[in-house]
Number of protein chains: 2
Amino acid sequence: MIARMKYCSHCGETVSLKIPPGDNLPRFICEGCGTIHYTNPNIVVGCVPEWENRILLCKRAIEPRSGYWTIPAGFLENRETLEEAAMRETHEEALASVNLGSMLAVVNVAHASQVHIMFRASLTDGKFGAGIETMESALFAEEDIPWPLIAFPSVRYALERYLDDRRNGGTGVHVTAVERIKY
Amino acid sequence: MIARMKYCSHCGETVSLKIPPGDNLPRFICEGCGTIHYTNPNIVVGCVPEWENRILLCKRAIEPRSGYWTIPAGFLENRETLEEAAMRETHEEALASVNLGSMLAVVNVAHASQVHIMFRASLTDGKFGAGIETMESALFAEEDIPWPLIAFPSVRYALERYLDDRRNGGTGVHVTAVERIKY
């Protein structure tokens, strides 16, 4: 997921991978204008939307993990807050409007250079559907959640913590790291 | 802080800002190879290091806010966890080794397209110094913290929450958003 760079996005000259003076990691540096191009991790934001004790999940229509179930989530955009992104992604992927609750989880996904941040949420009116990146969406009671078909370890973690907290009255933020899984 | 792009980093042709099909935000798209170049927010990670009831702060030697005091913090690197970044930045900026504690704060800094994440920490041996981005570093008792000279609103927020929690036994994660400040 880390973009390889061949040409300088400022001047169009070729770049090479070198450690800049005072730095300790290789960066793409322009042979022409000298610009140092940094690439950094991305933030994925989502929520666990609840309606009448059931959880809204979306079956992915895009890779990776097309056909597997996830919570509504996607990349944080520039000039957006985490909360705005969680609500926007739920609109886009599940055609659903949510009241956002507290932050649920912060998950290091270092192998993908990502951090996943999930919130608690409830549907505002029980309406939902399937956006263009979603095959179908559906509400699942806890005992019906399709655990073997959950798309990503971070989503499994968020769902597990959400359900535990619902039983125990927990409202805090859970922090963890997940490893790459061979599918 | 959002990089402007003129040339495609894959093929070197010119790019233009357009909304891709199925998207709703303008992206830099290559006129030659069609690559869509996404730019997304960055994550800044830091910690509040304590030693014998005092807090370690660093006087910044670089812009923005050179000469103002901050906690050790910097950009999360690819393939790094938040915890690894917080410890690395403390080494780099304050030449200090920390035992990292729980997550303290998640701060939306949407105007800069950043999310700041801070941890609680304690120095492992009380040793510290000034890295190349730091003029000097020093331990401050609560009553001596130079509040008017704190570099950023997110740092002020993290310090305030840290000190409140220390008084009240709080160990949770605080979530907020800060606005742009005119200095």
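Each value, and the rule that gives it
- Residues numbered from 1 in each chain as written.
- Chains lettered and ligands numbered in written order.
- Predicted model: local features only at pLDDT ≥ 70, side-chain atom pairs only at ≥ 80, totals over all residues.
- Helix = DSSP H or I, 4+ residues; strand = E, 2+ residues; numbered from the N terminus.
- Buried ≥ 20, exposed ≤ 12 C-beta atoms within 10 Å, placed from the backbone.
- Contact = placed C-beta atoms within 7 Å.
- Core = buried A, V, L, I, M, F, W, Y, C linked by C-beta atoms within 7 Å.
- Nonpolar A, V, L, I, M, F, W, Y, C, P; charged D, E, K, R; others polar.
- Pairing = 2+ DSSP bridges.
- Least-squares fit on C-alpha atoms with pLDDT ≥ 70 in both.
- Domains from an automatic or database assignment.
- Expected span 1.5 Å × (residues − 1).
- pLDDT = per-residue confidence, 0-100.

**Q** Explain the overall build of chain A to me, please; I cannot follow it from the model alone.
**A** Looking only at helices and strands, chain A has 2 helices and 11 strands in total. Taken from N to C terminus, the helices and strands of chain A fall in the order β-β-β-β-β-β-β-α-β-β-β-α-β. A total of 183 residues make up chain A; the buried ones form 38% of that total. Of the contacts made within chain A by residues no fewer than 6 positions apart, 61% connect residues no fewer than 24 positions apart.

**Q** I'm lost on the nonpolar core in this one. Help?
**A** The nonpolar side chains of soluble globular proteins are, as a tendency, buried together. In this structure, Val48(A), Ala158(A), Val48(B) and Ala158(B) are the most contacted members of the largest nonpolar core, which totals 88 residues. Counting residues in hydrophobic clusters, the runner-up holds 12 residues, among them Tyr7(A), Cys8(A), Tyr7(B) and Phe28(B).

**Q** Help me understand the interface of chain B and chain A in this model?
**A** Chain B puts 37 residues into the contact, and the matching count from chain A is 37 residues. If you list the elements that add at least two residues to the side of chain B that touches chain A, you get β4 (42-51), β8 (98-109) and β11 (174-177) of chain B. Tallied by class, the residues present in the side of chain B that touches chain A amount to 20 nonpolar, 13 polar and 4 charged.

**Q** Would you mind going over the sheet that holds strand β3 (residues 36-37) of chain A with me for this structure?
**A** Within a sheet, adjacent strands bond to each other through the backbone by hydrogen bonds, running parallel or antiparallel. All names here are of chain A. Spatial strand order, β1-β2-β3: 3 strands in an open sheet with antiparallel pairing. Of all the strands in the sheet, just β1 (15-18) and β3 have a single pairing partner and so form its edges. Sheet analysis places β1 next to strand β2 (residues 27-30), joined by 4 bridges and oriented antiparallel. Bridge pairing links serine 16 to isoleucine 29 in β2.

**Q** Looking at this structure, I do not really get the relation of the copies chain B and chain A. What am I missing?
**A** Superposing the two chain copies requires a rotation about an axis and a translation along that axis. Superposing chain B onto chain A requires a rotation of 180 degrees together with a translation of 0.0 Å along the rotation axis, leaving an RMSD of 0.0 Å. Taken together, these values place the two copies in the relation of a two-fold axis. Most of the interface of chain B is mirrored in chain A: 100% of its interface residues are interface residues there too.

**Q** Any chance you could explain the environment of Val48(A) here in plain terms?
**A** All names here are of chain A. Tracing the backbone through its elements, the reader meets valine 48 in strand β4 (residues 42-51). For valine 48, a count of 28 C-beta atoms within 10 Å translates into the label buried. Each C-alpha atom, one on valine 48 and one on alanine 86, is 9.6 Å from the other, the two residues being 38 residues apart in sequence. In this view, valine 48 contacts Ile55, Ile71, Leu104, Met118, Arg120, Ala121, Ala158, Leu159 and Tyr162; residues no more than four positions away in its chain are not counted.

**Q** Is there a simple way to think about the domain arrangement of chain A in this case?
**A** A common way to report how large an interface is uses the accessible area buried once the components associate. Domain annotation for chain A reports domain 1 (1-39) and domain 2 (42-177). Averaged C-alpha coordinates put domain 1 of chain A and domain 2 of chain A at centres separated by 35 Å.

**Q** Sorry if this is basic, but what is going on with the environment of Trp51(A) here?
**A** Residues and elements named next belong to chain A. Looking at the element boundaries, tryptophan 51 is found in strand β4. Of the residues examined, tryptophan 51 has 18 C-beta atoms within 10 Å and is grouped as partly exposed. Residues tryptophan 51 and glycine 101 lie 50 residues apart in sequence; the distance between their C-alpha atoms is 13 Å. With residues near it in sequence (within four places) discarded, tryptophan 51 still touches Leu56, Ser122, Leu123, Gly126 and Leu139.

**Q** When you look at helix α2 (residues 153-168) of chain A in this model, what are you seeing that I'm missing?
**A** Since the α-helix advances by 3.6 residues per turn, residues separated by three or four positions end up pointing in the same direction. Residue and element names in this part refer to chain A. The end-to-end C-alpha separation of α2 is 22 Å, in line with the 22 Å expected for 16 residues at 1.5 Å each. Turning to α2, its buried residues are Ser154, Val155, Tyr157, Ala158, Leu159, Arg161 and Tyr162. Where α2 is buried, its residues contact β4, β5 (54-60), β6 (69-70), β8 (98-109), β9 (114-123) and β11 (174-177). Two residues or fewer after α2 comes glycine 169, characterised by a positive phi angle close to 75 degrees.

**Q** Looking at this model, I keep getting lost on the environment of Val155(A). Mind explaining?
**A** Residue and element names in this part refer to chain A. Tracing the sequence through the fold places valine 155 in helix α2. Along the chain, valine 155 and cysteine 47 lie 108 residues apart, while their C-alpha atoms are 9.6 Å from each other. Setting aside residues up to four positions removed in sequence, valine 155 forms contacts with Thr70, Ile71 and Ile150.

**Q** Is there a simple way to think about the sheet that holds strand β1 (residues 15-18) of chain B in this case?
**A** Residues and elements named next belong to chain B. Taken in spatial order, the 3 strands make up an open sheet running β1-β2-β3, and their pairing is antiparallel. With one partner strand each, in any of the chains shown, β1 and β3 (36-37) form the two edges of the open sheet. Looking at chain direction, strand β2 (residues 27-30) and β3 are connected through 2 bridges and run antiparallel. Considered in β3, the bridge of phenylalanine 28 is made with histidine 37.

**Q** What's the story with the confidence of the model for chain A in this structure? I'm lost.
**A** When pLDDT drops low, the exact placement of atoms in the prediction is not to be read closely. Per-residue pLDDT for chain A has a mean of 95; in total, 98% of the residues score no lower than 70. The ipTM, which scores confidence in the relative placement of chains, is 0.94 for this predicted complex, and the corresponding pTM is 0.95.

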